[in-house]
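# Inside the fold
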Amino acid sequence: MFLDQYCTELENSQFSFTRQQSSDFAKNIANDFNPLHDVDTKKFCVPGDLLFARILSSEGLYPNMRVTFSGMVSDGVALTIHDADNGDKILCDQNEKEYLRVEHSGEQSNNADLIAKLVKTYVAFSGENFPHVLVPLMKEKNVMINVARPLVIYETMSVHLETVDLKDPVIEASQSHLEVNGKRGNVTLGFIFKDGGKVVGEGKKTMVLANLREYDQPTIDALVDEYNRRRIEHAA
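Scoring rules and cut-offs
- Residues numbered from 1 in each chain as written.
- Predicted model: local features only at pLDDT ≥ 70, side-chain atom pairs only at ≥ 80, totals over all residues.
- Heavy atoms only, no water.
- Helix = DSSP H or I, 4+ residues; strand = E, 2+ residues; numbered from the N terminus.
- Rg over C-alpha atoms; globule rule 2.2 N^0.38 Å.
- Buried < 20%, exposed > 50% of the residue type's maximum accessible area, 1.4 Å probe, protein only.
- Contact = heavy atoms within 4.5 Å.
- Areas by Shrake-Rupley, 256 points an atom, 1.4 Å probe, with all protein chains shown as cover.
- Lys, Arg positive; Asp, Glu negative; His and termini not counted.
- Charge placed at Lys NZ, Arg CZ, Asp CG, Glu CD.
- Salt bridge = Lys/Arg side-chain N within 4 Å of Asp/Glu carboxyl O.
- Polar contact = N/O pair within 3.5 Å; in protein donor to acceptor, adjacent residues only side chain to side chain.
- Pairing = 2+ DSSP bridges.

The number of helices and strands found in the protein chain is six helices and 12 strands. Here the C-alpha radius of gyration of the protein chain, 18 Å, is about what a compact globule of 236 residues would show, namely 18 Å. Here the C-alpha coordinates of the protein chain stretch approximately 50 × 40 × 40 Å along the principal axes. Sorting the 236 residues of the protein chain into buried and exposed places 50% on the buried side. The long-range fraction of contacts in the protein chain, counting pairs at least 24 apart against all pairs at least 6 apart in sequence, stands at 66%. As displayed, the protein chain offers around 11900 Å² of accessible surface, 47% of which is attributable to carbon and sulfur atoms. Averaging the locations of the 25 positively and 35 negatively charged side chains of the protein chain gives two centres separated by 5 Å.

Here it is as structure tokens:
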């Protein structure tokens with residue numbers, strides 16, 4: 001399983017993530033250079049896409065899934081996946097604190113190669129949301145995040161596929177929008193799945209932007225430049 005190097009398996013079906021594993025996944029798989037996933041950052045959290053990838057790899061792919069993120073996971077936290085009474089998959093710690101929940105329906109697929117392809121395709125797409133999608137949305141609404149303390153919270157992700165019998169799925173962006181309510185913004189990022197050139201499904205990802213303030217182009221330019229510098233530095 002390609003996730004083996006990004007996850008530490010523990011006893012009793014538990015697992016955890018180190019800072020290095022999380023940072024490597026964010027940068028090498030998701031192309032995500034959010035400082036929250038840096039090894040040496042004070043306010044660290046495991047990438048939400050890594051949590052989703054881990055559940056998908058062990059629990060299987062369903063044509064209809066809705067993922068709800070309810071808490072940030074720190075490094076070294078022992079996690080398990082439980083089946084709720086209604087069949088939902090729940091990611092929680094030893095104190096039964098819930099971090100992620102997957103509602104699902106339809107015929108399950110445990111095709112490891114397909115799941116690996118889908119995970120890599122999705123997280124690579126997800127990692128491109130900043131700056132390519134979020135910056136134009138913020139500019140349109142004349143708001144921006146606090147660049148000194150950026151807070152972008154992964155909230156939900158949903159997927160609806162016509163079939164899980166896919167060969168080489170790819171993801172393309174569709175409609176996205178930002179709703180602003182005071183200092184809070186709700187972002188919806190739409191996408192479609194294609195296989196063999198045919199549209200085979202759709203999905204959307206929602207995020208919360210906190211501590212919004214008036215848009216300032218030079219400040220945003222500096223933030224994007226720093227983000228791109230980190231990408232180039234890592235690639236080198």
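Positionally, Asp32 belongs in the loop between α1 (19-29) and α2 (48-59). With no salt bridge to any partner, buried Asp32 finds its closest opposite charge in Arg231, at an N-O distance of 6.8 Å. Here the side chain of Asp32 touches Asn34 through a polar contact of 3.0 Å, landing on its backbone nitrogen. Beyond its immediate stretch of four places on either side in the chain, Asp32 contacts Ala26, Lys27, His37, Gly127 and Tyr227.

Turning to the pairing of strand β8 (residues 152-161), a few remarks are in order. Bridge count for strand β3 (residues 64-69) against β8 is five bridges, and the pairing is antiparallel. Residue pairing for β8: Thr68 is matched across the bridge by Thr156. Here β8 runs beside strand β11 (residues 198-209); their pairing, made up of nine bridges, is antiparallel. Each bridged residue has a counterpart across the sheet, and for Thr156 the counterpart in β11 is Thr206.

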